[in-house]
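Structural overview
So you can see what is in the structure, the chains are spelled out below.
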Amino acid sequence: MEHLNKALMAFSATLFLLAPLLMATDPDPLQDFCVADLSGKLSVNGYPCKPASSAGDEFLFSSRATRGGDTMANPNGSNVTELDVNEWPGLNTLGVSMNRVDFAPGGTNPPHIHPRATEIGIVLRGELLLGIIGSLDSGNRYYSKVVRAGETFVIPRGLMHFQFNVGKEPATMVVSFNSQNPGIVFVPLTLFGSSPPIPTPVLVKALRVDAGVVELLKSKFTGGY
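About the criteria used
- Residues numbered from 1 in each chain as written.
- Predicted model: local features only at pLDDT ≥ 70, side-chain atom pairs only at ≥ 80, totals over all residues.
- Heavy atoms only, no water.
- UniProt positions renumbered as here; feature names shortened; annotations may be inferred.
- pLDDT = per-residue confidence, 0-100.
- Contact = heavy atoms within 4.5 Å.
- Helix = DSSP H or I, 4+ residues; strand = E, 2+ residues; numbered from the N terminus.
- Buried < 20%, exposed > 50% of the residue type's maximum accessible area, 1.4 Å probe, protein only.
- 1 Å grid on protein atoms, 1.4 Å probe; cavity = no way out; pocket = protein on both sides within 12 Å on 5 of 7 lines; lining within 4 Å.
- Points joined across faces, edges and corners; volume = space filled by probe spheres on them.
- Nonpolar A, V, L, I, M, F, W, Y, C, P; charged D, E, K, R; others polar.
- Core = buried A, V, L, I, M, F, W, Y, C linked by side-chain atoms within 4.5 Å.
- Axes fitted to C-alpha atoms, helices over the stretch in contact; angles between N-to-C directions.
- Parallel < 35°, antiparallel > 145°, perpendicular 65-115°, else oblique.
- Left-handed = near helix turned anticlockwise from the far one by under 90°.

An unreviewed UniProt entry annotates the chain as Germin-like protein originating from Urochloa decumbens. Recorded in UniProt for the chain, the comment headed Sequence similarities (unreviewed entry) runs: "Belongs to the germin family." Here is the UniProt Subcellular location (unreviewed entry) comment for the chain, exactly as written: "Secreted, Extracellular space, Apoplast".

1. Let's talk about the confidence of the model for the chain
The predicted model of the chain has a mean per-residue pLDDT of 87, with 87% of residues at 70 or higher. Low pLDDT (under 50) marks residues 15-26, which in the prediction has zero contacts with non-local residues, meaning those over four places away or in another chain.

2. Quick look at the environment of Ile 113
Mapped onto the fold, Ile 113 is located in strand S3 (residues 108-113). Its relative accessible area of 21% is what places Ile 113 among the partly exposed residues. Sequence separation between Ile 113 and Phe 162 is 49 residues, and the spatial gap between their C-alpha atoms is 8.9 Å. The contacts of Ile 113, once residues within four sequence positions are left out, are Gly 158, Leu 159, Met 160, His 161, Gly 183, Ile 184 and Val 185.

3. Details of the layout of surface pockets
The space that makes up the largest pocket amounts to roughly 350 Å³. Contributing to the lining of the largest pocket are 18 residues, with Val 44, Asn 45, Gly 95, Ser 179 and Gln 180 lying nearest its centre. Residues of the lining of the largest pocket, tallied by class, amount to seven nonpolar, nine polar and two charged. Put simply, the second largest pocket is a space of about 250 Å³.

4. What to know about the nonpolar core
Within the largest apolar cluster, 15 residues are counted, with the highest numbers of intra-cluster contacts made by Phe 103, Val 123, Leu 128, Phe 153 and Met 173. Among the secondary structure elements, those contributing two or more residues to this core are strand S2 (97-103), strand S5 (127-133), strand S7 (152-155) and strand S9 (171-177). It is S9 that provides the largest number of residues to this core, a total of four residues. Beyond its immediate stretch of four places on either side in the chain, Phe 153 contacts Glu 119, Ile 120, Gly 121, Ile 122, Val 123, Leu 130, Val 147, Gln 163, Met 173 and Val 175.

5. Let's talk about the packing of helix H4 (residues 200-207) against helix H5 (residues 211-220)
For the pair H4 and H5, interaxial distance at closest approach is 9 Å and the crossing angle is 110°. Here H4 is positioned roughly perpendicular relative to H5, judged by the angle of their axes. Considering how the two elements wind past one another, H4 and H5 form a crossing that is right-handed. Across the interface between the two elements, Thr 200, Leu 203 and Val 204 from H4 touch Ala 211, Val 214, Glu 215 and Lys 218 from H5. For the contact of H4 with H5, the per-class residue count stands at four nonpolar, one polar and two charged.

This is the structure we're talking about:
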């Protein structure tokens, strides 16, 4: 019993010492709104705030996602309409953002990663094959389902995923993130279109293909998506 009491006292003392450190983190905004001054320097919690007197009230609203972009403007057959803090300054410090993604028949949102956010979404029209690849912890398991209009999905932060329009008609989805700037890493573009380029011998060894294959793939991604 004495040993138990000593252990409990030690545990309580540890919590007491750690409490200030645990309580010191404050990721939440400290004001109602902080409309981003995009000309300022980005810091840990976002951009500097515009003066309240010059912010107006339009920062609370956006019509940017009412229309999708041209799905045939790139080889992927899809178009992303972004509503992160750079496109919607009213999101600054709020920790949220969203995208609208439109797909032509057969269009894809290529394999990519959001390093700073979990993603949740809903398909508005059409039918999309959604694929998520787990980490090495899961044996790189591939999870997939055809998601149709009105159905929802969630993608854990940092996992590779893609969407592919398997229908005969255009498709549209809207997704939200728990970050005002979730970031995106397109896997093919990152590997074969980085600047400066990843040395070909590295990719030859990593992908177990000939140098000619690597150079061909690099040529496909010169200049980005």
